[in-house]
Structures are given as C-alpha cells and as structure tokens.
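Below are the chains, spelled out letter by letter.
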2 protein chains.
Amino acid sequence: MAKRITIKSIAQDLGISHMTVSRALSNNPNVSKATRDAILARANELGYVKSAAASAMRGDTTRIVGLLLPNIVNEFYARFANTLATACGQNGLHLIIHLTNDDPQAEDRAIARLREVQAMAVVMVPSPGGGDLGAAHLRAMKVVQLIRQRPSIRQAAAVLVNDRDAIAQAVVRLAQLGHRSIGYIGADAGLSSGRNRLAAFQQGLATAGIPVTSEHMHTGAPSFAMGRDHARQLFASEGATAILCGGFEISNGALNAFMELPEAQRSQTAFVGYGDPSFYTWINGGLSTIRVPVDRLAHQTLAVLTDPDPADEAYFNFGAEFVDRGLPRA
Amino acid sequence: MAKRITIKSIAQDLGISHMTVSRALSNNPNVSKATRDAILARANELGYVKSAAASAMRGDTTRIVGLLLPNIVNEFYARFANTLATACGQNGLHLIIHLTNDDPQAEDRAIARLREVQAMAVVMVPSPGGGDLGAAHLRAMKVVQLIRQRPSIRQAAAVLVNDRDAIAQAVVRLAQLGHRSIGYIGADAGLSSGRNRLAAFQQGLATAGIPVTSEHMHTGAPSFAMGRDHARQLFASEGATAILCGGFEISNGALNAFMELPEAQRSQTAFVGYGDPSFYTWINGGLSTIRVPVDRLAHQTLAVLTDPDPADEAYFNFGAEFVDRGLPRA
DNA sequence: TTGAAAGCGCTAACAG
DNA sequence: CTGTTAGCGCTTTCAA
C-alpha cells in the first residue's frame, strides 16, 4: 500500500511547510504564484484528494446524506432514490442507502451507523412501529420524513403526499361503474398515511352513497405479502368486484393476486393500484392507479437538504392524482 | 447544537482519564468492573457513538463501500443494489450509491468523492468509453467490476455473466419457430459484454443455419432510448419478425417499442428481453427473456468485498438462462 | 508571503 | 488497573 498523499507529504516533497500547501489547495490568496503553481501541479500529478475524515474531525460538515427506505426494488422507492441520488451527485453530496425492510430495529441500527459517520442529514420513510430516534440523534442530524410521518419524531421536516381527493375520486368512479363491493387494502392506523388513506376511502364511499362496512377494509403492516394475501381473500371469499390499494408495496402484492385470477374473473374485476411504475401501462391493457409525483417529492427533499437555514418543522404536501386507464363495469 | 459526546467528555464527566473510557468501550480487559460499568452506563445514557472520522484518520478501514451504477430504476440494478445493500447492512458496511448514467465524467467524479471518504472498496458497472481510474485510486481501494469489464482497469475483481449459451439457445429457438429475420440490439464492441453477446447471437444464427447479415444487428452505447429507437427501426423498416435484446436498459427500451406495435403485428412478433424483472411475466402473456442470476451476482460481490485476503484479479462468471414463456411462430 | 502551534476524537505504546 | 503522550490530516490563529 503506497503512502497516502497528504498536504504534509506534498510539502516535504517540495521542501516547504504543509501550511503553504494547505493554503494553495484551498485557494487562499496569500501564496506566491510560483509556489502555488508548483503545488497544484504536484498535487494533480500525485492524485491528491483531501481527507474527508480530517475535515469532519475539525467540525466541518460531512456532506453525507443517509437515505432509509423499506427497499429499493419497488419502483416508487427506486425512482425516488434515483432522482435524489442524481441530484446529490450534482451537489457534491454522498448518498448512503440503508434498507430497513420496514423493520424498526434495522432502522435504529442504520441511524446509529449514520451518526458514526456524522451524516449531515437523514431522509427516511419511518417504519411502522418504530421508536423515537432518541433526542441525541435529532440534534445532530437534519431529518426529513418521507411519505409517512411518525409523531414521536420532532423537529423534522416532512415531505408528504396528499392523496385524499385522488382516492375518493377513484372510489366514486368505481361506484359510477356499478361496483358496490369495493375492497380496500392499506396500512394500519399506526401510520399517518394509513389513517388518511382509509379516511379518504371511506369518504369516497360516503360520497357515492355506499354504506361503509368494515368487512372489505383490510389494514395492517404494509408489505408485498400483506397486499397479496388480503387481495386473494377479497377476490375469493369476500366477492369483491373492485379493489383499491393504499400503498406501494401493497399495490404490487395485490397486483400479483389480481394477475392470478382466471381471465374471466379478471376482466370483470376493477383494480386500482397505488403508485405508477412504468409497467402499469403495459399490464392488462393499462392499470388504473393513484399516481404520486415522485420526482417532485425528490426535488423538494433535496431542497430541504440544501436549505442552509431550515425551519424546524418544514412541511410539504404534494397532491396525488387518480389515473383512470379504463375500468370494467360491475 | 449540543456538545458532541466523546470519550473525553465522558471521561471528564466521570473524573477519569479518556483512555480508560476508550478501553472500556472497546472491550479491553484492563478495566475494573466498577469503572467499566459506570462508563458503559453513562455512554449508553448519553447516546455515545464512536467517531468514524477519528478512526479513519488513525488509518482504520472505513467500512464504506461505493456502488457505481448507470441508474437504479432498471429492475436489474435495483435488485442488485437491494440485495447488496441488505447484505452490507448485515455486515456493518455503508453503501454509498453514485449514479453514473453511463457517463464517464460522472464516473470519475464519483470515484474521486469515494477516495475523499476513503471508501474501502468500489463496486462498479464500468461506463462505456471511460478512462483508466488512475493507478492512485486502484492502490487505495478494492475494485469490483460488475457485468462489464474494462481492460484498462487492472488488479480488479470481476463479477460477470456468461450468457453465451442462453443467447445462442434463444436464437435457435426462434429459428425453430420459423423466424428468419431476427433483429439484435446490444452494446457496441467497446465493452466486453457487448462483444460477447454479439458473438453469441452470431453463433446462434450459425447453428440454426441462418446467414449472418449485419443489417439486423444494431450496436451502440446502450441505453433505454437506444433500445427503443433501434427496435422501432427493426419493426418498421427492416421487417424483423423477432428481436433479441443484449442489455438491461436496451431491453426495456425495446419493450417500449414492442408495446407500441398494433396488436395484430405484436401478436406475430417474437420478443426476447434481457434480464427478468418481475413484471415480464405479466406482460403480453409472459415475455421470454435471458435471465441473469442477480442475487448470486450480489452475494458473490459481497463475498469479494469481505474477503480479507483477495486475489489481485478474482474473476467470477455466472451462467444466464433462456426463459421461454411462449413465442409466436413466424 | 510563509511558518509554527494547537486541537478536532481516537488508540498504540509507554509509564506509573 | 489507570494515566500520559504522541500522532493520524487539516485549518485557524498567531508570529515572523
């Protein structure tokens, strides 16, 4: 292993003080043109890079941003990460990704790690049932909550989705088409997003004049498997003719169950997903869905990250949209 | 901003030397039980985390791994990143993701950044036409090349895909079904993967007794747009009745063009993709494809990363598989 | 225009 | 068992 290239090694190399090298490399004017040029040339030739560790130890901010997501295969999270990572690259920020699988313990571990590297900020989709992050962590890192909001996390910005109207609209549309047995699958009430979406669903039913029976409303810890299993149940034993999903993972799981249906039943069943991965347009002649403006969320998140003087609890809400690609009558 | 919790602050707090605190926190036996317990309790209470910066400065390895991918929306890359990130989390490694968009300059920038934070390793899909990383970088970081191999990168492990047989098989199958006008879209010869896949395609044609005319073989810098545009051309002006894709991004781009076809033409056109995102099973009755064992690639990559005594140029090759989900006759 | 000293948090190597 | 010193790479402060 070759010796590290440091300002000291360069200084020794050139027979000058390391301070002069430091000044030259940080564009301090108090260096004669001759020495500056020599230093820059040598540094370039040797491939010098400043040690982030040394800077961090002096108290400079690290330019490391943590991103905590349930997973990164779901196209919504992938697209968010993609946009944010690209933007971070352009802004000289490092994006460290930790996947939580919605497991609070994995989340806690990830946060501790990010503290070790003195991350300047954490963008997170709070896992259901997680703790309160500890006050110590909060003081040290900027926190941005994405999609969901956990009440116990204080002094954190939030970038959220307002999907109330879109969901209610979808329900009304299903009712228009004659559906009376409309199933809903969403997160449980422990999450802000779960509460809101369920309320929107119920509001839609009310608007359409459909009695709100709880039997078709399935809530729980959101996951692919949860979505798939509840959808199977809705299709099989509960006789739902339409289904509406209240979450990204749930949507893909429910889609799985939907595609398992025999062609005859599927063509008479209405599916409304959540999120709008590119392939939804190609399936079954085009799947209807609740579209979430993922790029706008990502850009707002970056704006919060780079805001030099953030409000303690900045709060952003982006509207979702009901995309109707054609739904069968009941 | 509250003062940082350090071994010194804890030591002062307890009226002892910071060395004792250090020892207690790193399980050095030379600490009396009483003081050790007091220290651990206090550290825990205050939420102490060891500064990674200080450790790095002392020369300890950073446990930071860089991952350079073209993007993370393509399900292959997403799945690879997902598996690797999960595994990294379990091994206490930080995964820093930089997206290159296959742009050599972005790649260079990302590598320089990773050197700043003294990343212990870089996993990268080399961008087409990129440079040689500089010998300085190589000496400092372990490098793993993924999927593609750039000859100018030396002393780097490679985790690759052997898709020769799968591609040739696919061509032979298409020929069996009566296709004679088979289009191919792949990366150009600047990349190892591009050369190999094209050769496999030609070998398949030879086996099937189809003359190798170059008009149906499209190569270039691989991207979604490239795949889409060449596929459009193949379908429209070149009258291809079958198409085989030689790359992840290309496959999705070509799929886009395929789904644009009028139903009558599409049902008579054979599409063979590359990579096997979950949704391929749901499209058009199930898309045939060249499947790449993404999880095995990711696990092998982790094995290379955590290998304490790696060979200079460890080299791994995983077989791809032709998945036939039904293809129309010509 | 240049240099010397100090200190950020941590541990190895010595001294008690 | 516990404490002191020194040094990792860097910049701020003070001195020449």
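Residues numbered from 1 in each chain as written. Chains lettered and ligands numbered in written order. Predicted model: local features only at pLDDT ≥ 70, side-chain atom pairs only at ≥ 80, totals over all residues. Heavy atoms only, no water.

## Considering the relation of the copies chain A and chain B
Part 1 of the argument: Superposing chain A onto chain B requires a rotation of 180 degrees together with a translation of 0.0 Å along the rotation axis, leaving an RMSD of 0.1 Å. Taken together, the rotation and translation relating the two chain copies correspond to the operation of a two-fold axis. (Least-squares fit on C-alpha atoms with pLDDT ≥ 70 in both.)

## Side note on the protein's contact with DNA strand C
Part 1 of the argument: Taken together, 23 residues lie around DNA strand C, and Thr20 and Arg23 of chain A together with Ile7, Ser22 and Tyr48 of chain B are the ones closest in.
Part 2 of the argument: When atoms of DNA strand C within 4 Å of the protein are sorted by moiety, sugar and phosphate together comprise 59%.
Part 3 of the argument: The contact in question runs from a base oxygen of DNA strand C to an N or O atom on the side chain of His18 of chain B, over 3.1 Å.
Part 4 of the argument: The side chain of Tyr48 of chain B places a nitrogen or oxygen atom 2.4 Å from a phosphate oxygen of DNA strand C.
Part 5 of the argument: Counting residues per element, the ones that place at least two in the surface near DNA strand C are helix H2 (18–25) of chain A together with helix H1 (7–14) and helix H2 (18–25) of chain B.
Part 6 of the argument: Classifying every residue of the surface near DNA strand C gives 8 nonpolar, 9 polar and 6 charged. (Near = heavy atom within 4 Å. Polar contact = N/O pair within 3.5 Å; in protein donor to acceptor, adjacent residues only side chain to side chain. Helix = DSSP H or I, 4+ residues; strand = E, 2+ residues; numbered from the N terminus. Nonpolar A, V, L, I, M, F, W, Y, C, P; charged D, E, K, R; others polar.)

## Observations regarding the interface of chain A and chain B
Part 1 of the argument: Facing 49 residues of chain A, the contacting portion of chain B comprises 49 residues.
Part 2 of the argument: In total, chain A and chain B occlude about 4,100 Å² of area from one another, counting both sides; carbon and sulfur atoms represent 67% of this.
Part 3 of the argument: In terms of surface lost to chain B, no three residues of chain A exceed Val73, His94 and Trp282 of chain A, which account for 18% of the buried area on that side.
Part 4 of the argument: Our count for the contact surface shared by chain A and chain B stands at 0 salt bridges.
Part 5 of the argument: Our enumeration of links across chain A and chain B arrives at 14 residue pairs in polar contact (both at pLDDT 80 or more).
Part 6 of the argument: Breaking the side of chain A that touches chain B down by element, the ones donating at least two residues are helix H4 (52–57), helix H5 (75–90), strand S2 (94–99), helix H6 (104–116), helix H7 (135–140) and helix H11 (248–260) of chain A.
Part 7 of the argument: Broken down by element, the residue count for the side of chain A that touches chain B peaks at 8 residues, all from H5 of chain A.
Part 8 of the argument: For the side of chain A that touches chain B, the class distribution of residues is 29 nonpolar, 12 polar and 8 charged. (Contact = heavy atoms within 4.5 Å. Buried area = accessible area lost by both parts, 1.4 Å probe. Salt bridge = Lys/Arg side-chain N within 4 Å of Asp/Glu carboxyl O.)

## Section: the domain arrangement of chain A
The figure often quoted for interface size is the accessible area lost as the parts come together.
Part 1 of the argument: Looking at chain A, the domain boundaries give domain 1 (7–50), domain 2 (64–161 + 295–319) and domain 3 (164–292).
Part 2 of the argument: A separation of 63 Å is found between the C-alpha centroids of domain 1 of chain A and domain 3 of chain A. (Domains from an automatic or database assignment.)

## Quick look at the packing of H1 of chain B against H2 of chain B
Residue and element names in this part refer to chain B.
Part 1 of the argument: H2 packs onto H1 with a crossing angle of 115 degrees between their chain directions and a minimal axis gap of 8 Å. The angle between H1 and H2 falls in the class roughly perpendicular. In the packing of H1 onto H2, the handedness of the crossing is right-handed. Mapping the contact onto sequence places Ile7, Lys8, Ile10 and Ala11 in H1 and His18, Val21, Ser22 and Leu25 in H2.
Part 2 of the argument: Partitioning the contact of H1 with H2 into residue classes produces 5 nonpolar, 2 polar and 1 charged. (Axes fitted to C-alpha atoms, helices over the stretch in contact; angles between N-to-C directions. Parallel < 35°, antiparallel > 145°, perpendicular 65-115°, else oblique. Left-handed = near helix turned anticlockwise from the far one by under 90°.)

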